Amino acid sequence: MFQDNPLLAQLKQQIKENIPKKEGTIKATDKGFGFLEVDSKTSFFIPPPYMKKCLHGDKVVALIRTENGKEVAEPDELVEQSLTRFIGRVKMFKGRLNVCPDHPQLKKNSLKAKAKKGLNPETLSEGDWVVAKLIRHPLSGDNSFFAEISEKITDADDKIAPWWVTLAQNDLPNSEPEGIDSWEIKDDAELERLDMTHVPFVTIDGESTKDMDDALYAKRTDSGDFELTIAIADPTAYICPDDNMDKVARERGFTIYLPGRNIPMLPRELADELCSLIEGEIRPAICCSVTISKEGVIGDDIRFFAANIRSHARLAYDHVSDWLENGSSEQWQPEDDIQQVVRDLYDFSLARSGWREKHAVVFPDRPDYRFELSEDNDVIAIHADMRRSANKLVEEAMITANICAGQVLQASFDTGVFNVHSGFKPDRVKDVVELVNPENNHPFTEESIATLDGFSSLRRWLSTLDTSYLDNLIRKCQAYSEISNKPDAHYAMGLPVYATWTSPIRKYGDMINHRMLKAHIMGKDPVQVPDDSIGEELAIHRKHHKIAERNVGDWLYARTLANEPEKETRYQGEIFDINRAGMRIRLLENGASAFIPSPLIVDNKQRIECNSDTGTVSIDKEQVYKLGDTLEVVLADVNMENRSLVAKPTQVFAEPNAVETADVSE
């Protein structure tokens, strides 16, 4: 009788218009209820029945009602849905197709679904990984949620799922680009290449590396200075800016490096063969030569040129490091001329790193954690590889080469692809000065640390402290590094200009810089000039690649450490983040990150304060942990669904009364 009654509908609308409304973001819980987060200080409870109309992360307008004397929010209008394209797992409910989003706050949301036209639903089974899209939302006028599955990623029990799922999640390619039938060098008519095949260049890489893109040569002069030449593989000899392969490289941005495997930016026949500086093979290269003084100062005689070069020795990091550090290597016995080149390169690197320690910024040594996988994609071991002498040798050569490129591109064109870093966030400069000066009485000012020299001086001073606490706290005040088509300083490295060109096989920005350096060599206008959008494009690629690398790592850590809680294995963990809910640590033995919630530090929430501003954890108003501290922990839980680790300290903080009672009994 009252159905479709226009008067009743009008009355309901008038009542609704008089109800207060708030806009905010939905925060779901695993207990069915949720909250409308209006701002950092205001939130409203959402009862379970109302949560059925929204998903975690939705931005909505909600009606604020009073029910049982308590204000509650009823989501009413959808401003922005959190879920559009997503990764999920197939769930069959009473024989009907559903999909559960692969997200910690959405895993319990089983959404009705259909297969996209062209995808056979018979190929989908319980637990399979799929790509889906939310096409209906209750707050958009529909009665329920509904999703469309567009692609099957892999089977439920596929051991390689961490890689395929993560790549799909970040919309990244899962294979190398297709090559062409034949590759030809296209720039010989314009670019004169010097014959440098007689120069004893060496490559130093990992033992399994195939895409060797840099070869080095150094000779110490009678005065003690160093004549350094860096040769870099030249894929732009084969690829022009208007080629389809260049468009593919730009769309990819970088080679994707994931634990246990990589997906190259360029076809492997180019990256691993034609352009790779393979021992004994003649290869086109762009070279930079420069004199480095015995004090490590880069000379004014920077020279870029094109050449054909030939690597005289393919060397491995560990073998060279063994030889440099121990005077011998069981697996590498260098010939006399190669031995001298390596020795001169090493002495150059010591001079250069010494200069940077005094005048620029040097990053602290930290291990690189590496997964060793079986052929069946199981984790055999996790290695903590320290940067040894050979790694540092190559690093100093690459940094020197990129400084030279930055100077030349700035002087010749005032454009290129530059790595820039602006130092501290403008609104945090005052905080940094307050952190440093009151306790340490050091003469840093807001004006000084806003300059490159002042920032570098502060970072060098921080590296001399006995604890990394202040360094960790101040790093939160730093800006993020950026990629720009305009030259500017790189504060984090303490350098006035920096432009990478040493990995054109792996980085599209380096390909652009190669073309610009060729224009500089020939004295012509560049055939490709980076526009304002290139920095943003490359930054987005880099962000997704880092997320993918971290996500695969989290998955493998969860797999590998799944049984450790019951074993009560003890680890050393370093605190790298503190928030009001607890603290995050990195396990020094294997590099895994774990969260320690405050209830696992002490079970009385009135006793504990986790302060993100000061980077400290206090119990009974006494500081017990701070950023940079190491502590012994055991894993309390490994959540395979969320691929997350929860840890707890082995040190127990007893109630004050219990301590006093114990003292009396003694």
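Residues numbered from 1 in each chain as written. Predicted model: local features only at pLDDT ≥ 70, side-chain atom pairs only at ≥ 80, totals over all residues. Heavy atoms only, no water.

The sites that carry the UniProt feature "domain: S1 motif" (unreviewed entry) are, in the present numbering, residues 568-650. With 0% helix and 60% strand, residues 568-650 has its two end C-alpha atoms placed 10 Å apart. (UniProt positions renumbered as here; feature names shortened; annotations may be inferred. Helix = DSSP H or I, 4+ residues; strand = E, 2+ residues; numbered from the N terminus.)

Under the defined criterion, the tally for this structure stands at 42 salt bridges. Of the charged contacts in the structure, one is a salt bridge between Asp376 and Lys159, with a shortest N-O distance of 3.1 Å. Placement of the pair is Asp376 in the loop between strand 18 (368-373) and strand 19 (379-385) and Lys159 in the loop between strand 10 (146-154) and helix 3 (161-169), with a sequence separation of 217 residues. A relative accessible area of 46% means that Asp376 is categorised as partly exposed. The exposure class of Lys159 is partly exposed, given its relative accessible area of 32%. When the shortest N-O distance is used, the salt bridge between Asp385 and Arg370 registers 2.7 Å. Residue Asp385 is located in strand 19, and its partner Arg370 is located in strand 18; the two are separated by 15 residues in the primary sequence. (Salt bridge = Lys/Arg side-chain N within 4 Å of Asp/Glu carboxyl O. Buried < 20%, exposed > 50% of the residue type's maximum accessible area, 1.4 Å probe, protein only.)

On the secondary structure map, Asp365 appears in the loop between helix 7 (336-359) and strand 18. Here the alpha-carbon distance between Asp365 and Met386, two residues 21 residues apart in the chain, equals 7.5 Å. Leaving out residues up to four positions away in the same chain, Asp365 has contacts with Met386, Arg387 and Lys392. Separated by 3.0 Å, the side chains of Asp365 and Lys392 make a polar contact. (Contact = heavy atoms within 4.5 Å. Polar contact = N/O pair within 3.5 Å; in protein donor to acceptor, adjacent residues only side chain to side chain.)

Turning our eyes to something else, we now look at unusual backbone geometry. In the Ramachandran plot, Asn68 falls in the positive-phi region, its phi being about 55 degrees despite a non-glycine side chain. Looking at the secondary structure, you find Asn68 in the loop between strand 4 (59-67) and strand 5 (70-80). The exposure class of Asn68 is exposed, given its relative accessible area of 84%. In this model, Asn377 sits at a positive phi of 70 degrees, which is unusual for a non-glycine residue. For Asn377, the position within the fold is in the loop between strand 18 and strand 19. Look at Asn377 and you get buried, because its relative accessible area is 13%.

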